[in-house]
Amino acid sequence: MDLEFDAETVAFRDEVRAFLRENVPASPLPSLDTAEGFEAHRAWERTLADAQLSVVAWPHEYGGREATLQQWVIFEEEYYRAGAPGRVSQNGIFLLAPTLFEHANAEQLDRIMPRMARADDVWAQAWSEPEAGSDLASLRSTATRVEGGWLLNGQKTWSSRAAFADWGFGLFRSNPEAERKHAGITYFMFDLRSTGVTVRPIDQLDGEPGFAELFLQDVFVPDDPADRGSSGVIGEVDNGWRVAMSTASNERGLSLRAPGRFLATTDRLLELWRAQTEAGVVDENDTALRDRVVDAWIGSRAYELSTWATVTRLEAGGKLGAESSINKVFWSEWDVATHETALDLLGPAAEVMGPWQDGYLFSLSGPIYAGTNEIQKNVIAERLLGLPKADR
Amino acid sequence: MRFALEEIHDDFAASLESLLTKSDMPAVIRAWNDGDTEPGRAVWHNLADTGVNGLTIAEDHGGMGADAIFLTVASEKLGRHGVPGPVAETLAVAPALLAEVAPEKLEPLAEGSLATVAAPPSTPYAVDAEAADTVLRVDESAAGAGAAVALADAGAAHESVDRARRLCETTATQPLGTADAAALAHAHDLGALATAAQLQGLGGAMLDAAVAYAKQRKQFGRAIGSQQAVKHEISETTIAVDMARPLLHAAAMAVRDGSPTARRDVSAAKVACTDAAYRASRVALQVHGAIGYTLEHDLSLLLTKTRALVTAWGTPAVHRGRIMEAL
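Asker: Just give me the short version of the overall build of chain B, but keep the residues and values in it.
Answerer: Tallying secondary structure elements over chain B gives 11 helices and 7 strands in all. Its C-alpha atoms give chain B a radius of gyration of 19 Å, near enough to 20 Å, the size a compact globule of 327 residues would have. Per-residue burial for chain B yields a buried fraction of 58% across its 327 residues. Carbon together with sulfur atoms contributes 51% to the accessible area of chain B, which is approximately 12600 Å² in total. For chain B, the distance from the average position of its 27 positive side-chain charges to the average position of its 40 negative side-chain charges is 11 Å.

Asker: Describe the interface of chain B and chain A, with residues and values.
Answerer: If you look at the interface, chain B gives 41 residues, while chain A gives 43 residues. Both faces combined, the contact of chain B with chain A buries some 3700 Å², and carbon together with sulfur accounts for 70% of it. When residues of chain B are sorted by the area they lose upon contact with chain A, Met1, Met243 and Met324 of chain B head the list and together hold 22% of the total. Here Lys231 of chain B ties to Glu382 of chain A by a salt bridge, and the two come within 2.7 Å at their closest N and O atoms. Where chain B meets chain A, there are 17 residue pairs in polar contact (both at pLDDT 80 or more). Secondary-structure elements contributing two or more residues to the side of chain B that touches chain A are α7 (181-216), β7 (222-223), α8 (228-256), α9 (262-288) and α11 (316-326) of chain B. Of the residues forming the side of chain B that touches chain A, the biggest block, 16 residues, is contributed by α8 of chain B. Looking at the side of chain B that touches chain A, its residues break down into 22 nonpolar, 8 polar and 11 charged.

Asker: Let's hear about the side chain of His9 of chain B: which residues, and what values?
Answerer: Residue and element names in this part refer to chain B. Take His9: it is sitting in helix α1 (residues 7-21). Given the relative accessible area of 5%, His9 is considered buried. With sequence-adjacent residues up to four places away left out, His9 is seen in contact with Ile69, Phe70 and Val73.

Asker: Can you break down the nonpolar core residue by residue, with the values?
Answerer: With 193 residues, the main nonpolar core has Leu100 and Met116 of chain A together with Leu47 and Ile234 of chain B as its most contacted residues. Ranked by residues supplied to this core, first place goes to α7 of chain B with 18 residues. The residues touching Leu100 of chain A, leaving out its near neighbours within four places in the chain, are Leu109, Ile112, Met113, Met116, Met189 and Ile234 of chain A. One finds Trp150, Ala165, Val197 and Ala212 of chain A within the second-largest nonpolar core, a separate group that totals 23 residues.

Asker: Let's hear about the pairing of strand β7 (residues 211-222) of chain A: which residues, and what values?
Answerer: Look at any regular strand and the pattern is simple: side chains alternate between the two faces of the sheet. Residue and element names in this part refer to chain A. Note: strand β3 (residues 149-160) against β7, 9 bridges, orientation antiparallel. Residue Trp150 lies in a different strand from β7, and its bridge partner there is Val221. When strand β6 (residues 197-202) meets β7, the two strands line up antiparallel, connected through 6 bridges. Following the sheet pairing, Arg200 is matched in β7 by Glu213.

Asker: Can you explain α9 of chain B? Please cite residues and give values.
Answerer: All names here are of chain B. Its 27 residues place the ends of α9 38 Å apart at the C-alpha level, agreeing with the 39 Å of an ideal helix rising 1.5 Å per residue. Counted residue by residue, α9 has 20 buried out of 27 residues, so it is predominantly covered. One or two steps after α9, the chain reaches Gly289, where phi turns positive at roughly 70°.

Asker: Help me get a handle on the sheet that holds strand β4 (residues 147-159) of chain B, residues and values and all.
Answerer: Residues and elements named next belong to chain B. The mixed open sheet is built from 5 strands, whose spatial order is β1-β3-β4-β5-β2. Only two strands of the sheet have a single neighbouring strand rather than two, namely β1 (115-118) and β2 (126-127). In the sheet, β1 pairs with strand β3 (residues 134-140) via 4 bridges, with the strands oriented parallel. Residue pairing in the sheet places Thr116 in a bridge with Val135 of β3.

Asker: For the environment of Val241 of chain B, give the residues involved together with the corresponding values.
Answerer: On the secondary structure map, Val241 of chain B appears in helix α8. Spatially, the C-alpha atoms of Val241 of chain B and Arg279 of chain B are 9.0 Å apart, while their sequence positions differ by 38 residues.

Asker: With reference to specific residues and values, describe the confidence of the model for chain B.
Answerer: On average, residues of chain B carry a pLDDT of 96, and 100% of them reach 70 or more. Under the prediction, the complex receives an ipTM of 0.96, its pTM being 0.94.

Asker: Help me get a handle on empty space enclosed by the protein, residues and values and all.
Answerer: All names here are of chain B. Scanning the entire structure with this criterion turns up 4 cavities of 30 Å³ or more. Of the pockets and cavities examined, the largest cavity occupies roughly 80 Å³. For the largest cavity, the lining is made up of 14 residues, of which Gly85, Val87, Arg165, Gln198 and Leu309 are closest to its centre. Those elements giving two or more residues to the lining of the largest cavity turn out to be α5 (87-101), α7 and α10 (299-310). No other element matches the 3 residues that α5 contributes to the lining of the largest cavity.

Conventions used here
Residues numbered from 1 in each chain as written. Chains lettered and ligands numbered in written order. Predicted model: local features only at pLDDT ≥ 70, side-chain atom pairs only at ≥ 80, totals over all residues. Heavy atoms only, no water. Helix = DSSP H or I, 4+ residues; strand = E, 2+ residues; numbered from the N terminus. Rg over C-alpha atoms; globule rule 2.2 N^0.38 Å. Buried < 20%, exposed > 50% of the residue type's maximum accessible area, 1.4 Å probe, protein only. Areas by Shrake-Rupley, 256 points an atom, 1.4 Å probe, with all protein chains shown as cover. Lys, Arg positive; Asp, Glu negative; His and termini not counted. Charge placed at Lys NZ, Arg CZ, Asp CG, Glu CD. Contact = heavy atoms within 4.5 Å. Buried area = accessible area lost by both parts, 1.4 Å probe. Salt bridge = Lys/Arg side-chain N within 4 Å of Asp/Glu carboxyl O. Polar contact = N/O pair within 3.5 Å; in protein donor to acceptor, adjacent residues only side chain to side chain. Nonpolar A, V, L, I, M, F, W, Y, C, P; charged D, E, K, R; others polar. Core = buried A, V, L, I, M, F, W, Y, C linked by side-chain atoms within 4.5 Å. Pairing = 2+ DSSP bridges. Expected span 1.5 Å × (residues − 1). pLDDT = per-residue confidence, 0-100. 1 Å grid on protein atoms, 1.4 Å probe; cavity = no way out; pocket = protein on both sides within 12 Å on 5 of 7 lines; lining within 4 Å. Points joined across faces, edges and corners; volume = space filled by probe spheres on them.

If you want it as structure tokens, here you go:
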């Protein structure tokens, strides 16, 4: 039992750290949810890709370097510690790519992955619909078979990054006759710029259009690879639900979210505590506040260690299943609590917008996206502990 | 990097699990609660045969010379089954102190005698001193200058919130020697680590009990565990217990390696295991309802021990303060 890394892993860490030290922009890029910021973040992805650091865990042929799971976690840790820009390609590389690696054919991988790795294609997810949120399988958008391809119709919402992204991916009802609501669904990729797509950006709590509504009217997805850019069907027609769910708890995705982000936040929180107690804004004998700072540290340490325990298990051939729901609830609740603590340390200045306030507003989305925490707790209770299903 | 217990740890845990499952612990604990320590001593005798009592004692003194990870694995199992008696004191604190001041007294400990320790002000009473074979009293000299360790007599006993713990006043009778500041800190850390592990075992046991009862108990024509409110309480407790475990293992590893962060890591484990186990105790009681609030139900045996151990070998406030100091 140890937490020491082998020489190859240490060398990888050193390389990543050196690259980030030299290349991370000195001042933050404009928000990636603005047109200008989006393009600046796309350019940053290309800088990463040139160093083969945009998708370290992928195979070489698609722009990765086949990093081990340990190396991937270390990459994430270094990335956030360095204060590097947010990943505009996140939806593609963390949500879509695992599904493609498991279900796409070679032709699709060759066509799509290198462009994703360089952010030539930036992807938006199109899961939720106005009447299908937590109950995603009640989705109503349709895919209809026509000569030479498919026509997509319907409405998607809360589509992260869709305001500026190039391509979308999501589920569509391809067989309206199917008896069960989870059946007769197909997983599609489609061009957000094609005829029939209307994108209506939605301003989020932080004032920026981080997601959008999509209105789809006879959007054509061609069969012919020559015509279809990065679009197409993933896996078998009518089997989209299983395709999407098979990677819902993917180890390199949001489920095994690497602890880097939270460790970096904890470092900043401790700096803030020192600064505020030295400045006399916070009394260092205020144990109520002190304990919250300590608990933030304990939480991020627990999450880091638990990630290494999971990595050890996966490296020994284990699978990441419903326990990824434990991670999701834990980090999202931790993130909100830690930002609340930071704001309370700021005292009367807590209201003035700045990085902690941005982070706070962002953290509030954590318990909602990627499966609400209420749904996750049901998953823990039913799939991990075997408690009986509720009437839904 | 390999952050998991080794097979040898798992095997050891499995042998303790098997032994304690066969020992009818609820009856043993109830006897101990009523002042009959004989069945409990018999269990301790069996535990000593597996090497538990001598785990942290050097082989030269008849012990196993095992590391802090074994200590953690054993303490968690003893906690899970609510083993009565001075667990952290016998397994961890007394061996650490005696190794410094009176190593010749280690051998009987390894063979299965029970030891308890008072270390005022943080550990004011010696738990179960009347039942213990060796009672130690630790009096700190000037701050940071170590402590005088002495054999002591058990004095007046106070009832604990846990009926299985008798809290005894002590009077030093025979000085044994002086433990320096580092040795004293190490003994306290081992006590906190063993207590954290016991709490982790208690938390896991009560969580399992809550899950089992939620599946079995029916109201309004269906299992209460199908109710989302019940599910969410249980899921949140599962998260707390699961997330405390890696902190416990990392603390054991840091103690094993003599890491400079050992103190901080032990405190983090104690805080997290305490919070998780206490939460499990509340949720388990709530899920069981009125039957959980009876002495007749076995939950009572674990629930009050959890509350007692919350403050044993360092209160949560002390450990949080220690973490902030280290950071």
